[in-house]
Amino acid sequence: MPVLPGAEPFRHEGGEVGVLLCHGFTGSPQSLRPWADYLAERGLTVSLPLLPGHGTRWEDMAVTGWQDWYAEVDRELRVLREKCEQVFVFGLSMGGALSLRLAAKHGDAISGLVLVNPANKVHGLSAYALPIARHLVRTTKGVADDIALPGSHEVGYTKVPLHAAHSVRKFFRLVDGELPQVTQPVVLLHSPQDHVVPPADSARILSRISSTDVSEILLEQSYHVATLDHDAERIFDESYRFIGRLAPNVGMKGSTSGG
């Protein structure tokens, strides 16, 4: 299937510091592309992969699971590690959960995390019905496009395949158990008005990780997809400042054209 316009993966060959960006469940690289461009323009090496089953049609996602999504970001991280002296991992929503698992598994290979409205749990009574409901109903209403900024739009699915939702629920439970293994510096930015992931998820993550260098920032003007919302520039600036503090080699090499 052809990739939806704007949902293409993005890579940029820059300097000795790399950033892996992980998009969210039913979303696509489009939700993080302005962030990726911002980092690339400042000479960083950037990887923004398209997760399997995403960015085409929901039917493609129905036959994938968390193992496929995690394998993709794990592979991209290893590629970045071969090119760069330091690597940071940034994630939005489920991409935050993917980032946390990478951090738990790869340890010192990751210099720091920036998490935007990271997801930790599938909430509500419907979550408990997923193991059975997924065999009876194929989809439920989509979660894309939770943005306060008028005119801003997220490229994502209008439906959520329940087989994939069941898989993401299992993945969140797995990652929750691994959170104490996360020791890297963390910047966590979250929106008090988030109609997809409640603030309780950020609080849970902050309470369970073992990191001692932690910053929590509220995104008062944005909804869930804050990287396309009013607070986008603040997210970009804070993340670059975070990298600059931990990576003295940032911007050492001149950037080259990416895409």
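About the thresholds
- Residues numbered from 1 in each chain as written.
- Predicted model: local features only at pLDDT ≥ 70, side-chain atom pairs only at ≥ 80, totals over all residues.
- Heavy atoms only, no water.
- Helix = DSSP H or I, 4+ residues; strand = E, 2+ residues; numbered from the N terminus.
- Rg over C-alpha atoms; globule rule 2.2 N^0.38 Å.
- Buried < 20%, exposed > 50% of the residue type's maximum accessible area, 1.4 Å probe, protein only.
- Contact = heavy atoms within 4.5 Å.
- Areas by Shrake-Rupley, 256 points an atom, 1.4 Å probe, with all protein chains shown as cover.
- UniProt positions renumbered as here; feature names shortened; annotations may be inferred.
- Phe/Tyr/Trp six-rings, centres within 6.5 Å; stacked < 30°, edge-to-face > 60°.
- Lys NZ or Arg CZ within 6 Å of the ring centre and 35° of its normal.
- Salt bridge = Lys/Arg side-chain N within 4 Å of Asp/Glu carboxyl O.
- Axes fitted to C-alpha atoms, helices over the stretch in contact; angles between N-to-C directions.
- Parallel < 35°, antiparallel > 145°, perpendicular 65-115°, else oblique.
- Left-handed = near helix turned anticlockwise from the far one by under 90°.
- Nonpolar A, V, L, I, M, F, W, Y, C, P; charged D, E, K, R; others polar.

Going by the annotation in an unreviewed UniProt entry, the name recorded for the protein chain is Alpha/beta fold hydrolase, with Streptomyces arboris given as the source organism.

### Some words on the overall build of the protein chain
Looking only at helices and strands, the protein chain has eight helices and nine strands in total. Compactness check: the protein chain gives a C-alpha radius of gyration of 17 Å against a globular reference of 18 Å for 259 residues, within 12% of the reference. Taking the principal axes of its C-alpha atoms as reference, the protein chain extends roughly 55 × 40 × 35 Å. Residue burial in the protein chain is summarised as follows: out of 259 residues, 55% are buried. At a minimum sequence separation of 6, the contacts of the protein chain that also span at least 24 residues come to 77%. Split by element, the accessible area of the protein chain, about 10,800 Å² in all, is 51% carbon and sulfur.

### What about the UniProt feature "binding site: substrate" (unreviewed entry) in the protein chain?
With numbering aligned to this structure, UniProt lists the feature "binding site: substrate" (unreviewed entry) at Phe-25 and Met-94. Considering the C-alpha atoms alone, the annotated residues occupy 70 residues of sequence yet fold into one spot, their largest mutual distance being 5.5 Å. By secondary structure assignment, the location of Phe-25 is in the loop between strand S2 (17–22) and helix H1 (33–41). With a relative accessible area of 16%, Phe-25 lands in the buried category. When residues no more than four places from it in sequence are discounted, the contact partners of Phe-25 are His-54, Met-61, Trp-69, Met-94, Val-143, Val-160, Ala-164, Ala-165 and Val-168. Structurally, Met-94 can be placed in helix H4 (residues 94–106). Excluding residues within four positions of it along the chain, Met-94 makes contact with His-23, Gly-24, Phe-25, Leu-51, Trp-69, Ala-119, Val-168 and Phe-172.

### Focus: the packing of aromatic side chains
Counted according to the given criterion, the structure contains eight aromatic pairs. Ring geometry for Tyr-38 against Phe-236: centres 5.5 Å apart, planes inclined by 45 degrees, an arrangement best described as tilted. With a gap of 198 residues between them, Tyr-38 in helix H1 and Phe-236 in helix H8 (residues 232–246) connect regions that are remote in the sequence. Tyr-38 sits in the buried class, given a relative accessible area of 8%. Grouped by ring-pair contacts, the aromatic residues Trp-35, Tyr-38, Phe-90, Phe-236 and Tyr-240 constitute a single cluster. Between Arg-42 and the ring centre of Tyr-38, over which it is positioned, the NZ or CZ distance is 3.5 Å. Across the ring face of Tyr-240, the terminal group of Arg-42 is positioned such that the distance to the ring centre comes to 5.9 Å.

### As for the pattern of salt bridges
Overall, the coordinates contain 14 salt bridges when judged by the stated rule. Two residues, Asp-37 and Arg-33, come together in a salt bridge whose shortest N-O distance is 2.9 Å. Taken as a pair, Asp-37 and Arg-33 lie in helix H1 at a separation of four residues, close to a single helical turn. The salt bridge involving Glu-72 is made with Arg-75; its shortest N-O contact spans 2.5 Å. Here the residue Glu-72 and the residue Arg-75 both occupy positions in helix H3 (residues 66–83), the gap between them amounting to three residues, near one helical turn. The class for Glu-72 is buried, based on a relative accessible area of 13%. The exposure class assigned to Arg-75 is partly exposed, which follows from its relative accessible area of 45%. Ionic contacts of the salt-bridge type, sharing partners, join the residues Arg-101, Lys-105 and Glu-178 into one network.

### Things to note about the packing of H4 against helix H6 (residues 162–178)
It is at 10 Å that the axes of H4 and H6 come closest, and there the two elements cross at 40 degrees. Classified by the angle their axes make, H4 and H6 are oblique. Note that H4 runs across H6; the crossing there is left-handed. Each of Met-94, Ala-97, Leu-98, Leu-100, Arg-101, Ala-104 and Lys-105 in H4 lies in contact with H6, whose residues at this interface are Val-168, Phe-171, Phe-172, Leu-174, Val-175 and Glu-178. Taken together, the residues of the contact of H4 with H6 break down into 10 nonpolar, no polar and three charged.

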